[in-house]
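In case you want the letters, here they are:
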Amino acid sequence: NMVADDVPEGVDEHGNVEIRTHGTPKTGNNAALDHVAIGENLGMMDFEVAAKVAGTRFVVQKAGIARLQRALAQFMLDTHTTEHGYTEIDPPLLVNSDVMYGTTQLPKFRDDQFETTDGRWLIPTAEVVLTNLVREQILDENEMPIRLVAMTPCFRKEAGSAGRDTRGIIRQHQFYKVEMVSIVPPEKSEAEHLRMTACAENILKKLDLPFRTIVLCSGDMGFAARKTYDIEVWVPSQEKFREISSCSNCGDIQSRRMKTRFKRAGAKDTEFVHTLNGSGVAVGRALVAGMENYYDPTDGGIFVPDVLKPYMGGLTKIVKEV
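Residues numbered from 1 in each chain as written. Predicted model: local features only at pLDDT ≥ 70, side-chain atom pairs only at ≥ 80, totals over all residues. Heavy atoms only, no water.

Glancing now at the packing of aromatic side chains. Scanning the entire structure with this criterion turns up 3 aromatic pairs. With 6.5 Å between their ring centres and 70° between their planes, Phe 75 and Tyr 311 make a pair best called edge-to-face. Of this pair, Phe 75 sits in helix H3 (residues 63–82) while Tyr 311 is found in the loop between strand E17 (301–303) and strand E18 (317–318), placing the two residues 236 residues apart along the sequence. Residue Phe 75 is classed as buried on the basis of its relative accessible area, which comes to 4%. With 5.0 Å between their ring centres and 70° between their planes, Trp 234 and Phe 241 make a pair best called edge-to-face. Residue Phe 241 is classed as partly exposed on the basis of its relative accessible area of 22%. One Lys or Arg, Arg 257, reaches over the ring of Tyr 101 and ends 4.2 Å from the middle of that ring. (Phe/Tyr/Trp six-rings, centres within 6.5 Å; stacked < 30°, edge-to-face > 60°. Helix = DSSP H or I, 4+ residues; strand = E, 2+ residues; numbered from the N terminus. Buried < 20%, exposed > 50% of the residue type's maximum accessible area, 1.4 Å probe, protein only. Lys NZ or Arg CZ within 6 Å of the ring centre and 35° of its normal.)

See below:
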């Protein structure tokens, strides 16, 4: 894609620019055990069993931690649908090659995808389906903005990440993610980009997790993006921020591939829509941040964030089962 004029120049992540931060990170003696140690000590994360049944980069989660992950996903969906104006979608998890091409996963990222024996693909993100719901359509201007959200499993080979994040659930072949997609006229995509990023930030604010927001430089952006904001959550055991959401304005690169246009009132010609996508947010990484930031070293338990207590049946703390 063509990079937006206000994107900072740079060759890699060192050229990214921090825009804002929220919360106070736990550091030094306040830092927690990592999520693997916390989960295994509680008897609620089992990587050995997962490796026996599926191989590396998988986990079996149990009891309180399994419920905490489910609570996170439900909370995110409820917030985006009731407060942020997104429509929830329950999409297919298998798609055809045309759909993967439409949102630019193919052909460039073919090696990172799981292909089935009948030529379909396991989705790497719900963006693939949500964006393609308007493929080969001519929309009326008054139908937009279209704002969609979904919580799905995502599947990635992680072909380019050999040796990276091999411990724990930061980078897995299968993970859950809440994904937002917007379809808007070209002149409204910049404002929609800011709005979408704020929606993702609001999730972390409600969870009271420290984070920072950065704008990616030209050399660190994805293939399809005109401009990208990344949100990075604080991971105490690593004492650094890690990506938990990436919100991108893709301009019309996807709509050209999908043949998605719109017509303005009274206009004769059609125009390509602009598409945007963003994590709202990655559920597994929110689980990691929640486990570590809410860890209680006195008994090895995990305090439940206030906004999640209704989803946890009023449970205030996850402790080892006797």
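This part takes up the side chain of Thr 260. As for its placement among the helices and strands, Thr 260 is situated in the loop between helix H7 (253–258) and strand E13 (261–263). The exposure class of Thr 260 is buried, given its relative accessible area of 0%. Only 2.9 Å separates the side chain of Thr 260 from the backbone oxygen of Val 134, close enough to count as a polar contact. Here Thr 260 is in contact with Val 134, Arg 135, Glu 136, Gln 137, Leu 139, Ser 255, Glu 271, Phe 272 and Val 273, once residues within four sequence places are set aside. (Polar contact = N/O pair within 3.5 Å; in protein donor to acceptor, adjacent residues only side chain to side chain. Contact = heavy atoms within 4.5 Å.)

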